[in-house]
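Examination of the molecular architecture
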Amino acid sequence: MNASLAFAEAVAVRCEAALGQRKIRSDSYRIGSLTFRLTAPADAGGRWIGSAFLPAETDSIAASGYRLQVWDGIAAETAPPARPWGPMAHEPLGLIEGFCDEAVRCAFDIHTSSLTVHHAANNAGYLWYPELAALPAWAQASPFRIPLSWFANRHGQQIVHAAAVAVDGRAALIAGGGGAGKSTTALACALSGMSYLGDDYCVIEPAARKVHMLYQSAKLLRSSLDMLPAVRPWLANADRVEREKGVMFLDPSRLPLTPSAEVAAILLPRVTGAARTTLRKGSSRDALHAILPSTIGGLMGGTAATPRLLMALAASAPVYHIDLGSEIASVPDTVASVLERIHA
């Protein structure tokens, strides 16, 4: 047994032992046609760590089902086994050099001081945090992105750094780096009646031209909250929006949510100083340039499948630059006009 597999086996044993000493909760969730089962301490305090996900219709797991086992604690009996790599082995992306292959993938996230170990033979991911209750709101709103991206890649799907909204099953994928206006655009469209699939990360399935909801949550900067005051009552961290993004956990009583839709257009937003929102034709190359860097950066480099899946996405639908104006009402009108134009 090589060092990476031996470590993954030891992590699995430690995780099972730690969870065996706690009151746990185990729920099933879905991402399009994929399902996974999340098991974590139910007594960690605060919000359940699975609150951001879309529940599966039944509590059973399909053949593609993945298991996410999550635990926390820094005591000797709950901390992960000693890591057989140096203190800086996770630089620069977070992946552990020499401990990432098809059988095992290990990563360390400096933002949450958490360890992720994917064990392919067990069809499972094991995640350790020092203290789940201490996770910031943004981390609770978009958890487990790295192992879920590895799981999705194994099934021809890809997590992308993009938002998405839909009308009558036709989606506009809204892609760009941080600060491009993805969240503001997605929430403005959802408040106007469009179906919401995500504001920051979604899952795409290029072979089926589909986009799937990953998180039923949203995060907005203070400036965007000022533009969309209707969402303020939904904030989970209203007391901290002066120093961090406002975080919301959404449900159909608040906004129309949809789990999946066809990718009909790719929109590349840019905040301008103009009043009205306008469109310009783009290219698949523009889409790839907007999607690939921030997606790869947010997924610790992705996997060998990531570039191919992103190139297929960029070529799958018409591309438009959307220059966002200050008149927020013009944003959903412009997005709707794109989807109507394509449908016609």
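A short tour of the structure in this document, coming up. (Residues numbered from 1 in each chain as written. Predicted model: local features only at pLDDT ≥ 70, side-chain atom pairs only at ≥ 80, totals over all residues. Heavy atoms only, no water.)

1. Quick word on the overall build of the protein chain
Selection rule: Only DSSP runs of H or I covering at least 4 residues are called helices, and only runs of E covering at least 2 are called strands; the numbering of each starts at the N terminus. Each radius of gyration reported is based on C-alpha atoms, and the globular scaling rule is 2.2 Å times the count of residues to the power 0.38. Relative accessibility thresholds used throughout: buried, under 20% of the residue-type maximum; exposed, over 50%; partly exposed, between the two (1.4 Å probe, protein chains only). Residue contacts are counted whenever heavy atoms from the two residues lie within 4.5 Å of one another. Per-residue accessibility takes into account occlusion by the displayed protein chains alone, with areas from the Shrake-Rupley method and a 1.4 Å probe. Residues scored as positive are Lys and Arg, those scored as negative are Asp and Glu, and His as well as the terminal groups of each chain are ignored. To locate a charge, take atom NZ for lysine, CZ for arginine, CG for aspartate or CD for glutamate.
The number of helices and strands found in the protein chain is eight helices and 17 strands. For 344 residues, the compact-globule estimate of 2.2 N^0.38 gives 20 Å, and the protein chain sits close to it at 20 Å. For the protein chain, the spread of C-alpha atoms along the principal axes amounts to about 60 × 40 × 40 Å. The burial tally for the protein chain puts 56% of its 344 residues in the buried class. Within the protein chain, contacts between residues at least 6 apart in sequence are counted, and of these 70% link residues at least 24 apart. Put simply, the protein chain shows about 14,000 Å² of open surface, and 54% of that area lies on carbon and sulfur atoms. Of note, the protein chain has its 30 positive side-chain charges centred 3 Å away from the centre of its 29 negative side-chain charges.

2. Observations concerning the state of the cysteines
Heads up, the rule is: Disulfides are defined in this document as cysteine sulfur pairs within 2.5 Å.
Applying the stated criterion to the full structure yields zero disulfides. With no disulfide partner, Cys15 has as its closest neighbouring cysteine sulfur the one in Cys106, 14 Å distant. Free of any disulfide, Cys106 has its nearest cysteine sulfur in Cys100, 6.0 Å distant.

3. What to know about the packing of helix 6 (residues 284–298) against helix 7 (residues 306–314)
Axes are the key here: two packed helices are described by the angle between their axes and the distance separating the axes. Convention followed: Between N-to-C directions, angles span 0 to 180 degrees; the directions come from axes that are lines fitted to C-alpha atoms, helices contributing only their stretch in contact. By convention the crossing between two helices is left-handed if the near helix lies anticlockwise of the far one by an angle smaller than a right angle, and right-handed if it lies clockwise. Amino acids are sorted into nonpolar (Ala, Val, Leu, Ile, Met, Phe, Trp, Tyr, Cys and Pro), charged (Asp, Glu, Lys and Arg) and polar (every other residue, Gly among them).
As a packed pair, helix 6 and helix 7 sit with axes 9 Å apart at the nearest point and diverge in direction by 145°. Crossing of helix 6 over helix 7 shows right-handed handedness. Across the interface between the two elements, Ser284, Ala287, Leu288, Ile291, Leu292, Thr295 and Ile296 from helix 6 touch Thr306, Leu310, Met311, Leu313 and Ala314 from helix 7. Residue classes in the contact of helix 6 with helix 7 are distributed as nine nonpolar, three polar and no charged.

4. Comments concerning the pattern of salt bridges
This is how the line gets drawn: Here, a salt bridge means any Lys or Arg side-chain nitrogen found within 4 Å of an Asp or Glu carboxyl oxygen.
A full pass over the atoms with the stated rule returns 12 salt bridges. The partner of Glu242 in a salt bridge is Arg222, and the shortest N-O contact between them spans 2.4 Å. Pair noted here: Glu242 is in the loop between helix 5 (222–227) and strand 14 (246–249) and Arg222 is in helix 5, with a separation of 20 residues, a long-range link. Salt-bridge contacts for Arg240 lead to Asp239; the nearest nitrogen and oxygen are separated by 3.3 Å. Assessed through its relative accessible area of 25%, Arg240 is described here as partly exposed. One salt-bridge network, in which partners are shared between bridges, spans Arg222, Asp226, Arg232 and Glu242.

5. Quick word on the pairing of strand 13 (residues 217–220)
Going by this rule: Think of it this way: DSSP has to see at least two bridges between two strands before they count as a pair.
Residues Ser217 and Lys219 line one face of strand 13 and the alternating positions Ala218 and Leu220 line the opposite face, and both faces are buried. Examined bridge by bridge, strand 13 and strand 14 share four bridges and lie antiparallel to one another. The residue bridging Ala218 from the neighbouring strand is Met248, located in strand 14.

6. Points about the side chain of Asn153
Structurally, Asn153 can be placed in helix 3 (residues 145–153). If near-sequence neighbours (up to four positions away) are discounted, Asn153 is found in contact with Gln158, Thr303, Ala305, Thr306 and Leu309.

7. Describing the sheet that holds strand 6 (residues 114–119)
The seven strands are arranged 1-2-3-7-6-5-4 in an open sheet whose pairing can be described as mixed. Looking at which strands have only one partner, the edges of the open sheet turn out to be strand 1 (24–31) and strand 4 (95–100). Each neighbouring strand pair of the sheet contributes to a mean axis angle of 15°, computed without reference to strand direction. The sheet contacts of helix 1 (residues 3–20) involve strand 1, strand 2 (34–41), strand 3 (66–72), strand 4, strand 5 (104–109), strand 6 and strand 7 (124–129), and relative to strand 3 the element is tilted by about 65°.

8. Points about the pairing of strand 7
Regular strands place side chains that alternate from one sheet face to the opposite one. Burial of strand 7 is extensive: six of the six residues sit out of reach of the surface. By the alternation rule, side chains of strand 7 split into Ala124, Tyr126 and Trp128 and Gly125, Leu127 and Tyr129, which are all buried. Pairing between strand 3 and strand 7: six bridges, direction parallel. Within strand 7, the residue paired with Gln69 across the bridge is Tyr126. With five bridges connecting them, strand 6 and strand 7 associate as antiparallel partners. Bridge pairing in strand 7 links His118 to Gly125. Linkage of strand 6 to strand 7, two consecutive antiparallel strands, is achieved through a turn of four residues, within which Asn123 is found at a positive phi near 50°.

9. Overview of the packing of helix 4 (residues 182–191) against helix 8 (residues 330–343)
Applicable threshold: Any angle that falls under 35 degrees is termed roughly parallel, while one over 145 is termed roughly antiparallel, one within 65 to 115 roughly perpendicular, and all others oblique.
Running from N to C, helix 4 and helix 8 point in directions that differ by 85°, and their axes come no closer than 8 Å. With respect to their mutual orientation, helix 4 and helix 8 come out roughly perpendicular. Counted together, Thr185, Ala188 and Cys189 of helix 4 and Val331, Pro332 and Val335 of helix 8 form the full contact between these two elements.

Scope: geometric values only; no functional claims are made or implied.
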